[in-house]
Amino acid sequence: MAIVVLLGAGALLALVLQSRYDTDREARNRSVSVAQTFAHSLGLQEALKTPDPSAIIQPLAEETRKVAGVDFIVVMDTDGIRYSHPQPDRIGERFVGTIEPSLAGEVHTESVEGPLGKEIQAIVPVTSPEGEVIALVSAGLTVENVTGIADRQLPVILLAIAGGLALATVGTALISRRLRRQTHGLGTQEMTRMYEHHDAVLHAVREGVLITDDEGRLLLANDEAGRLLGLPDDAEGRPVDEVGMDRRMAELLLSGREATDEVLEAGDRLLVVNQRPTRPHGRPQGSAVTIRDSTEMQLLSSRAETARRRLKLLYDAGGDIGTTLDLVRTAQELADVAVPQFADFVTVDLADPVLEGEEPGPGADMRRTAVSGIRPDHPLYPLGTLIDFLPSTPQARGYGTGEAELVPDLNEAPGWHAQDPPRTSAIVGYGIHSLIAAPLKARGVVLGVVNFWRSQKPEPFDEDDLSLAEELVGRAAVTMDNARRYTREHTLAVTLQRSLLPQDLPEQSAVDVAHFYQPAQSGVGGDWFDVIPLPGSRVGLVVGDVVGHGLHAAATMGRLRTAVHNFSSLDLPPDELLARLDNLVQRMDEEGDSTARNGGVLGATCLYAVYDPISQNCTMARAGHMPPLVVDPDGTTTISELPAGPPLGLGGMPFETMELHLAEGSQLVLYTDGLVEERSRDIAEGVERLRTALSHPDRDPHASRRAVLDALLPSRPADDIALLIARTRTLGPGRVAQWDVPSDPSEVGAIRSLAAKQLEEWGLEELAFTTELILSELITNAIRYGAAPVRVRLLRDRTLTCEVWDGSSTAPHLRYAATTDEGGRGLFLVAQLSEHWGTRYTPEGKVIWAEQTLPTADSALF
């Protein structure tokens, strides 16, 4: 009730003060706005210029005053003589107030004792268009009218105070009655004494006490319970499962069941818990719980937990470290295993040569290979940084001696601080306070240093932690050394394989080529591809696959690729080339020792295709290889029905050829099974996905390659992948000249003339003389020693090729004639005058060809 009275008095005082302030402010604001409005009203300045301004201004001022709710509006001249006033007898008298600020152009408000009593008035200048003050307007309210507003509010305040007193009286009576009932009639002294005893017992006893209600809220928790369970200060009154106690303890309290000496693990403590339901009105309405901390059990539990964590850490390290033979990944696995079980941050620094698979030397720079931590914003050296540790640092000492270094307090490690003072200060400021630097030592070689950093736990690393770090790093070092050795072998194999694969595809005009090669994740294999220019502007396309992985498969691939080059130089048909390659693989298996045979060439596949840009025919054969795909210019993609043939090395069965006519702009797609075969799908599904990815019109080979890789390339290929996409081009009639030659030596001169004329049309007059000599010899030999029909063809490509066709399969031989011989010099001259020459066989006979280098200006066009 006293509080209500005080609040009422305060409200009255506030009303008085506020009403004074508000009424004064309201009076001033209203006076100013009314005076300014009237001063800027239309017609006021014209009225001032009339002989009797009061006659016009007085009625307007009175009407405006009544509408605006002010007590007066007075218009006066610059001397203060009134033109208007609510009391007409005051017109013509001098205005009561200060007009000097308004004569200076300012708006002035003041409180004065005027003709109407005490007034609050505003004085506003009336200015001409030239900015000159020609009159003044004053408007205002009397204090009596202003303070009337507060008088009207006072009864409401008094009524509210009376209602508050009544409510307070009733509330006090009700609360007193309820308190007497709940305290069983105890007086204030008895209640005070009882609560003092209650607090003394609760806070003095060395046993935790908790009381919960039937809704699971924590009603009471003494100091010991808060300490044992780690409860926050505001735990009382909150639900049990929201105060941060251990899950098992919260479940027990919420269950409400009886518990007798039940042992629970809460954090790093073992607690003995007793719980009984409370029945204040004969029915359960909560629980009373006592908690006791067993020191001996806690000590035993701590030791057992420490041993368990160490065993679990080592067990996890055995299963999680070394899942692959990738050195960087193994280092990251080591860092991840130790966080947060053992350290808050772990960094792995390997000697730079180790990352290349080499053995490190003394004083090698370290590269940060792995980083793991409980937070990403640490100030440690970032991943990939090359670090030159000073000799005074624990990392350099550990790397040099092979012994782990323990730094309990980084603040007191000046040798470590000397490495990078700004960074080390940032590390200490971040909260990292203790370090173990353990060298990675395997088979007598130190590969690097593992750094264990502690920040969250306040206690530093100790000797037990040092021994655990040494054991953990020792186990990981063997795995990392195996990864290093594998990296070295893998690098050698990749280097060998890359050197055996084509570095740059040769220039040729028959096809536009896009290619892709990627070794398997487990190591290099024997897949290869090749593009081989052939005489007559033709091109040979090769894709092959040697079974197996490793150096032996790569070396075998190199031998087979070389063999294909050699056999293609003989201009053999695809089936004959594969037959010779098959014999070679059989000899390789027979000539090798038992070790090579058991782990060497278990088989190989190959596909060889020859495309002729003049006839647009493609002849191909395959030995157990995946069938090629043909993409027409309109995007239609078909899988070639080329007979498979046996893999290379089996022998006994012939290879079959197939000839396709390819429209200009068609794409021939050759690939190995690693592209279409995967564990999650079979080959048929992969080939269909490849066909779908290629089915797109008007796309160049590079775009097709991107589409195929997007659709089929796995993230971690289990087998080598080789892809070769060739888009066909044609050698148009403007670059080919052909004549049939009658079987008469006298016609040779006519053919020479036609050839010279054709060369003149092509702008190759420089080659006319040598070309006539070559054609004379080749045509004469074909007529004399060959068989009809005889045909001559000139090809203008990157070289000028002269071809003479005849129906005989007898090959000419180059002879070196003696000085007294009359013949035998023809082919010798051809060989000397041409860049290359040779013979290839056709189903109808043979072709003898000779190539000449184009002049520099003409060859630049290609």
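Thresholds applied
- Residues numbered from 1 in each chain as written.
- Predicted model: local features only at pLDDT ≥ 70, side-chain atom pairs only at ≥ 80, totals over all residues.
- Heavy atoms only, no water.
- Helix = DSSP H or I, 4+ residues; strand = E, 2+ residues; numbered from the N terminus.
- Rg over C-alpha atoms; globule rule 2.2 N^0.38 Å.
- Contact = heavy atoms within 4.5 Å.
- Lys, Arg positive; Asp, Glu negative; His and termini not counted.
- Charge placed at Lys NZ, Arg CZ, Asp CG, Glu CD.
- Salt bridge = Lys/Arg side-chain N within 4 Å of Asp/Glu carboxyl O.
- Buried < 20%, exposed > 50% of the residue type's maximum accessible area, 1.4 Å probe, protein only.
- Expected span 1.5 Å × (residues − 1).
- Polar contact = N/O pair within 3.5 Å; in protein donor to acceptor, adjacent residues only side chain to side chain.

Visitor: How should the overall build of the protein be read in this particular structure?
Guide: Scanning the protein from terminus to terminus reveals 25 helices and 30 strands. Computed over its C-alpha atoms, the radius of gyration of the protein comes to 53 Å, more than 25% above the 29 Å expected for a compact globule of 862 residues. With the C-alpha coordinates of the protein rotated into their principal frame, the extents come out at 155 × 105 × 60 Å. Restricting to contacts in the protein with at least 6 residues of sequence separation, those with at least 24 account for 60%. With 78 positive and 123 negative side-chain charges, the protein shows a separation of 5 Å between the mean positions of the two kinds.

Visitor: How do you make sense of the pattern of salt bridges when you look at a structure like this?
Guide: Oppositely charged side chains can pair when the atoms bearing their charge come close. Counted according to the given criterion, the structure contains 32 salt bridges. Among the ionic pairs, arginine 65 bridges to glutamate 62, the shortest N-O distance being 2.9 Å. Highlighted residues: arginine 65 and glutamate 62, both in helix 3 (residues 53-68), separated by three residues, approximately one helical turn. One exposure class covers both arginine 65 and glutamate 62, and it is buried. Measuring nitrogen to oxygen at the nearest pair gives 3.4 Å for the salt bridge that ties aspartate 512 to arginine 729. Of this pair, aspartate 512 sits in strand 16 (residues 511-518) while arginine 729 is found in the loop between strand 25 (721-728) and strand 26 (736-741), placing the two residues 217 residues apart along the sequence. Take aspartate 512: its relative accessible area is 22%, and that puts it in the partly exposed class. Sharing partners across several salt bridges, the network here consists of Glu359, Arg443, Asp481, Arg484 and Arg485.

Visitor: I'm lost on unusual backbone geometry in this one. Help?
Guide: Trans is the prevailing form of peptide bonds, just as negative phi is the prevailing case for residues other than glycine. Here the amide bond leading from valine 339 into proline 340 is cis, since omega sits at -5°, within 30 degrees of zero. Between alanine 788 and proline 789 the backbone carries a cis peptide bond, its omega angle lying at 0°. Inspection of the secondary structure puts proline 789 in the loop between helix 23 (768-785) and strand 27 (790-796). Positive phi outside glycine occurs at aspartate 261, with the angle close to 50°. With respect to the helices and strands, the residue aspartate 261 is situated in strand 7 (residues 259-266). Since its relative accessible area comes to 44%, aspartate 261 is described here as partly exposed.

Visitor: Before we go on, may I ask you to explain helix 10 (residues 327-338) in this structure?
Guide: For the α-helix, the turn length of 3.6 residues means that residues three or four positions removed from each other point alike. With 12 residues, helix 10 extends 17 Å between its outermost C-alpha atoms, agreeing within 8% with the 16 Å of an ideal straight helix rising 1.5 Å per residue. Within the sequence span of helix 10, burial applies to Leu327, Thr330, Ala331, Glu333, Leu334, Ala335, Val337 and Ala338. Near the N-terminus of helix 10, the side chain that reaches the backbone nitrogen of valine 328, with its oxygen 3.3 Å away, is that of aspartate 326.

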